[in-house]
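Descriptive analysis of the structure
So you can see what is in the structure, the chains are spelled out below.
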Amino acid sequence: LAKTTQPISMDSYEGQEVNITCSHNNIATNDYITWYQQFPSQGPRFIIQGYKTKVTNEVASLFIPADRKSSTLSLPRVSLSDTAVYYCLVGSTGGSYIPTFGRGTSLIVHP
Amino acid sequence: NAGVTQTPKFQVLKTGQSMTLQCAQDMNHNSMYWYRQDPGMGLRLIYYSASEGTTDKGEVPNGYNVSRLNKREFSLRLESAAPSQTSVYFCASSDTTHTEAFFGQGTRLTVV
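Residues numbered from 1 in each chain as written. Chains lettered and ligands numbered in written order. Predicted model: local features only at pLDDT ≥ 70, side-chain atom pairs only at ≥ 80, totals over all residues. Heavy atoms only, no water.

Remarks on the overall build of chain A
Test applied: Runs of E in the DSSP output that reach at least two residues are strands. Runs of H or I that reach at least four are helices, and both are numbered from the N terminus. Atoms counted for the radius of gyration: C-alpha only. Globule rule: 2.2 Å times the number of residues to the power 0.38. Buried, partly exposed and exposed residues are distinguished by accessible area as a fraction of the type maximum, computed with a 1.4 Å probe on protein chains only: under 20%, between the cut-offs, and over 50%, respectively. Only heavy atoms matter for contacts: two residues are in contact if any of them lie within 4.5 Å across the pair. Computed with the Shrake-Rupley method and a 1.4 Å probe, the accessible areas treat only the protein chains shown as cover for residues. Only four residue types enter the tally: Lys and Arg on the positive side, Asp and Glu on the negative side, with His and both chain ends excluded. Charged groups are reduced to one reference atom each: NZ for lysine, CZ for arginine, CG for aspartic acid, CD for glutamic acid.
Looking only at helices and strands, chain A has 0 helices and 9 strands in total. Relative to the globule expectation of 13 Å for 111 residues, the C-alpha radius of gyration of chain A, 13 Å, shows essentially globular dimensions. Overall size of chain A, expressed as C-alpha extent along the three principal axes, is 40 × 30 × 25 Å. Counting every position in chain A, which comprises 111 residues, the buried fraction comes to 43%. When contacts within chain A are restricted to residue pairs at least 6 apart in sequence, long-range pairs at least 24 apart make up 56% of them. When the accessible surface of chain A is split by element, carbon and sulfur atoms take 50% of a total near 5,600 Å². Averaging the positions of the 8 positive and the 7 negative side-chain charges in chain A gives two centres separated by 8 Å.

A short note on the overall build of chain B
Secondary structure summary: chain B contains 0 helices and 11 strands in total. For chain B, the α and β elements follow one another from N to C terminus as β-β-β-β-β-β-β-β-β-β-β. Here the C-alpha radius of gyration of chain B, 13 Å, is about what a compact globule of 112 residues would show, namely 13 Å. Burial statistics for chain B: of 112 residues in total, 46% are counted as buried. Across chain B, every contact between residues at least 6 apart in sequence was considered, and the portion connecting residues at least 24 apart equals 54%. For chain B, the exposed area adds up to about 5,200 Å²; of that, 49% sits on carbon and sulfur atoms. Distance between charge centres in chain B, computed from 10 positive and 9 negative side chains, equals 8 Å.

Quick look at unusual backbone geometry
In this chain, Thr7(B) is followed by Pro8(B) through a cis amide linkage whose omega measures -5 degrees. Even without being a glycine, Thr53(A) presents a positive backbone phi close to 55 degrees. By the element assignment, Thr53(A) lies in strand 5 (residues 53–56). The residue Arg68(A) is not glycine, and still its phi comes out positive at about 60 degrees. By the element assignment, Arg68(A) lies in the loop between strand 6 (61–64) and strand 7 (70–75).

Written out as structure tokens, the structure is:
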């Protein structure tokens, strides 16, 4: 399984854009990049998934360069409610897929 | 649509007691997983089931057993609880054609 590396923590202020970068140097050809969000006392929740270039949904954008060795989760205009831990995962679909979580990035949004 | 349901939400056990954590999903997913999460840590995989009738060990299986009762249900059993098993336990499920996993709300277990 491709290993991911992301910052342990980040701080931001309300209204700012937050970019969290994840490194996955050993990503395989069939692997997708998936990001989850976890609030305290809750299970992780899927945010966004991509394979290459850019993906955008109502919550976030995901930027993936051509070499796919890293990815950046972008949260536009964060609010206090975006304070959470964000996890970057890589893996391919199929019966052998096992979501493997690292320690994630703890984002704290300040007023 | 309930998604993934875990019971109980909270539990306190004495050292040596046994208990079973229940998990059920209503999304017709093939794969189900059990994780534990300790304070300040990510989720660590205990056991998983890629399909009904199969189970495999994850990263931290010692002290646990699992049963994939049917496609919907995947239970986790602690035969003789130890204080080191104090943690929050999450059950999850996913479809084999997608990498999105759905998680339950967790079971907070304390072993004294």
